[in-house]
Amino acid sequence: MEQFQTFILIISAIALFIYGLQSFSREIQGIGADRLRRWITGVTEKPLGGFFLGAFVTAIIQSSTLVSSLTVTFVDAAIISFRSSLQILLGANIGTTSTAWIVTFQSALFGPVFIVLGTLVSMIPARIATLGRAIFYFGFIFFSLDLIGHAVEPLKTDPTVQALLMQATVPLLGILYGIIVTVVVQSSSVVIGLCIVLVSQGIMTIDAAVPIVIGANVGTTSTAMLVSLKMSNNSRLSAMANFGFNFTAMLLVFPLIGWFIGLLTRLSAEPPIQIAAATTLFSAFTSLLFLILLHPVHRLLTRHRWYDRPNPH
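All values derive from a computational prediction rather than experimental measurement.

S.K.: Residue-level account of the overall build of the protein, with values.
M.R.: Counting its regular elements, the protein contains 16 helices and zero strands. Looking at the protein as a whole, 50% of its 313 residues are labelled buried. Put simply, 79% of the contacts in the protein that link residues at least 6 apart link residues at least 24 apart. Surface exposure of the protein reaches about 15300 Å², of which carbon and sulfur atoms provide 70%.

Shown next as structure tokens:
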């Protein structure tokens, strides 16, 4: 009965965390949705404009899943080109790492302060009330993380959980765990945030967390692929390219995971910082590698018959 109660508490706390992220993203969109649409066409026409747009918007709305889904939708609607979509998706990889750094700032007072502040601001009439709700949900994210931290404490002495997490120290299994869980919850931010909480509680080791984080970066591409299924060839190709970027980077990093973990431990002695750095370095490696190779990759992908040629008229 006690184990069941612990399980329900953990699931409830994670559900609140997901709700906080989604609600914060929705309120931020409400503040700048119209402005975002006006920016997209103009910004993506500039060199590297799509890359910086993807990074900036993802860091603001805290959802690479949403940005990647919107990107394939914009390709389908011919608002942006296929090449621009690749830049946006690579930028989103960088932008989404901001969530991991936010999660590292765990404090019992941090969440409640923003919740109270957001509540007060939301009482002000006019458009600023939307900003107040965004501040409220920003605090709600930290509040739910604190709940997760308290809920997972019994897992420290649970032999079943410890055995499962021990398996994740095998890099291949850890990556598979990360992919599967991220596909299920449809959010790499949730999986990485949970890893940071578990590591900070001493329940999970960095040897298990790093492979899971890498797997989460691959698993998060599933949403855009699902969204693109009923769209144009270019939309599906954008989604598949996004998966290909992260999967290829995972294959390149996989033989070096031991060295990578050693690098992280040298960068910081704080486990939460190590995990945040892991997702940042992996995402930066992925984005910069394929940003450099963007021209040959674009040329390779557009050479095949499934690519829709732009209408000259």
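S.K.: An account of the packing of helix H10 (residues 188–200) against helix H15 (residues 271–292) is needed here, citing residue identities and associated values.
M.R.: At a minimum axis separation of 8 Å, H10 and H15 run at an interaxial angle of 155°. By the criterion of interaxial angle, the relationship of H10 to H15 is roughly antiparallel. H10 and H15 meet at a crossing whose hand is right-handed. Across from Ile192, Cys195, Ile196, Val199 and Ser200 in H10, the residues of H15 making contact are Pro271, Pro272, Ile275, Ala276 and Thr279. Tallied by class, the residues present in the contact of H10 with H15 amount to eight nonpolar, two polar and no charged.

S.K.: Go over helix H3 (residues 64–76), please, and point to the residues and values.
M.R.: Because each turn of an α-helix spans 3.6 residues, side chains separated by three or four positions end up pointing in the same direction. For H3, with 13 residues, the first-to-last C-alpha span of 18 Å sits near the 18 Å given by 1.5 Å per residue. Within the sequence span of H3, burial applies to Ser64, Thr65, Val67, Ser68, Ser69, Thr71, Val72, Phe74 and Val75. Of the residues flanking the end of H3, it is alanine 78, one or two places downstream, whose phi is positive at about 60°.

S.K.: Tell me about the side chain of threonine 286, and please be specific about residues and values.
M.R.: Here threonine 286 shows up in helix H15. Here threonine 286 is in contact with Leu90, Asn93, Phe245, Asn246 and Ala249, once residues within four sequence places are set aside.

S.K.: Describe H10, naming the residues involved and giving the relevant values.
M.R.: For H10, with 13 residues, the first-to-last C-alpha span of 18 Å sits near the 18 Å given by 1.5 Å per residue. When H10 is considered as a whole, its buried residues turn out to be Ser188, Ser189, Val190, Val191, Ile192, Gly193, Cys195, Ile196, Val197, Leu198 and Val199. One or two positions beyond H10, positive phi appears at glycine 202, with a value near 80°.

S.K.: Describe in detail the packing of helix H9 (residues 171–185) against helix H11 (residues 206–219), supporting the description with residues and values.
M.R.: Packing of H9 against H11 leaves a shortest axis separation of 6 Å and a crossing angle of 40°. Judged by the inter-axis angle, H9 sits oblique to H11. With respect to the hand of their crossing, H9 and H11 are arranged in right-handed fashion. Residue-level contacts link Pro171, Gly174, Ile175, Tyr177, Gly178, Ile179, Thr182 and Val183 of H9 to Pro211, Ile212, Ile214, Gly215, Ala216, Val218 and Gly219 of H11. Tallied by class, residues from the contact of H9 with H11 come to ten nonpolar, five polar and no charged.

S.K.: Can you lay out empty space enclosed by the protein for me, pointing to particular residues and giving the numbers?
M.R.: Applying the stated criterion across every chain yields a total of three cavities of 30 Å³ or more. Its volume calculated, the second largest cavity comes out at about 90 Å³. Around the second largest cavity, the lining residues are Ser64, Ser68, Leu89, Ala92, Asn93, Thr96, Ser188, Asn217, Thr220, Thr221 and Asn242. Secondary structure elements with two or more residues in the lining of the second largest cavity: H3 and helix H4 (82–95). Residue contributions to the lining of the second largest cavity peak at three residues, all from H4. The class makeup of the residues in the lining of the second largest cavity is two nonpolar, nine polar and no charged.

S.K.: I'd like to hear about the side chain of serine 268, residue by residue, with values.
M.R.: One can find serine 268 in the loop between helix H14 (257–267) and H15. Side-chain polar atoms of serine 268 contact the backbone nitrogen of glutamate 270, separated by 3.0 Å. When sequence neighbours within four positions are dropped, the list of residues in contact with serine 268 reads Ile273 and Gln274.

S.K.: Explain the nonpolar core residue by residue, including any values.
M.R.: Counting residues in hydrophobic clusters, the biggest one holds 51 residues, and the most contacted among them are Met204, Val210, Ile214 and Ile275. With sequence-adjacent residues up to four places away left out, isoleucine 214 is seen in contact with Ile175, Met250, Val253, Ile257 and Phe282. Grouped together as the second largest cluster of nonpolar side chains are twelve residues, Leu237, Phe290, Leu294 and Leu301 included.

S.K.: I'd like a description of a nonpolar patch on the surface, backed by residues and values.
M.R.: On the surface, Val170, Leu172, Leu173, Leu176, Ile180, Val184 and Phe254 cluster together to form a nonpolar patch covering roughly 610 Å² of accessible area. With respect to the helices and strands, phenylalanine 254 occurs in the loop between helix H13 (233–253) and H14. Given the relative accessible area of 34%, phenylalanine 254 is considered partly exposed.

S.K.: Hey, could you go over the packing of aromatic side chains for me, with residue numbers and the actual values?
M.R.: Taken as a whole, this structure holds six aromatic pairs when the rule is applied. Aromatic pair phenylalanine 245 and phenylalanine 290: ring centres 4.7 Å apart, planes at 40°, arrangement tilted. On the criterion of sequence distance, the pair formed by phenylalanine 245 in helix H13 and phenylalanine 290 in helix H15 is long-range, its members being 45 residues apart. Using a relative accessible area of 3% as the deciding quantity, one classes phenylalanine 245 as buried. Grouping aromatic residues by their ring pairs yields a cluster made of Phe136, Tyr137 and Phe140.

About the thresholds
- Residues numbered from 1 in each chain as written.
- Predicted model: local features only at pLDDT ≥ 70, side-chain atom pairs only at ≥ 80, totals over all residues.
- Heavy atoms only, no water.
- Helix = DSSP H or I, 4+ residues; strand = E, 2+ residues; numbered from the N terminus.
- Buried < 20%, exposed > 50% of the residue type's maximum accessible area, 1.4 Å probe, protein only.
- Contact = heavy atoms within 4.5 Å.
- Areas by Shrake-Rupley, 256 points an atom, 1.4 Å probe, with all protein chains shown as cover.
- Axes fitted to C-alpha atoms, helices over the stretch in contact; angles between N-to-C directions.
- Parallel < 35°, antiparallel > 145°, perpendicular 65-115°, else oblique.
- Left-handed = near helix turned anticlockwise from the far one by under 90°.
- Nonpolar A, V, L, I, M, F, W, Y, C, P; charged D, E, K, R; others polar.
- Expected span 1.5 Å × (residues − 1).
- 1 Å grid on protein atoms, 1.4 Å probe; cavity = no way out; pocket = protein on both sides within 12 Å on 5 of 7 lines; lining within 4 Å.
- Points joined across faces, edges and corners; volume = space filled by probe spheres on them.
- Polar contact = N/O pair within 3.5 Å; in protein donor to acceptor, adjacent residues only side chain to side chain.
- Core = buried A, V, L, I, M, F, W, Y, C linked by side-chain atoms within 4.5 Å.
- Patch = residues over 30% accessible without salt bridge, like charges linked within 9 Å, V, L, I, M, F, W, Y side chains within 5 Å.
- Salt bridge = Lys/Arg side-chain N within 4 Å of Asp/Glu carboxyl O.
- Phe/Tyr/Trp six-rings, centres within 6.5 Å; stacked < 30°, edge-to-face > 60°.

Functional significance is not addressed by these values, which are geometric in nature.
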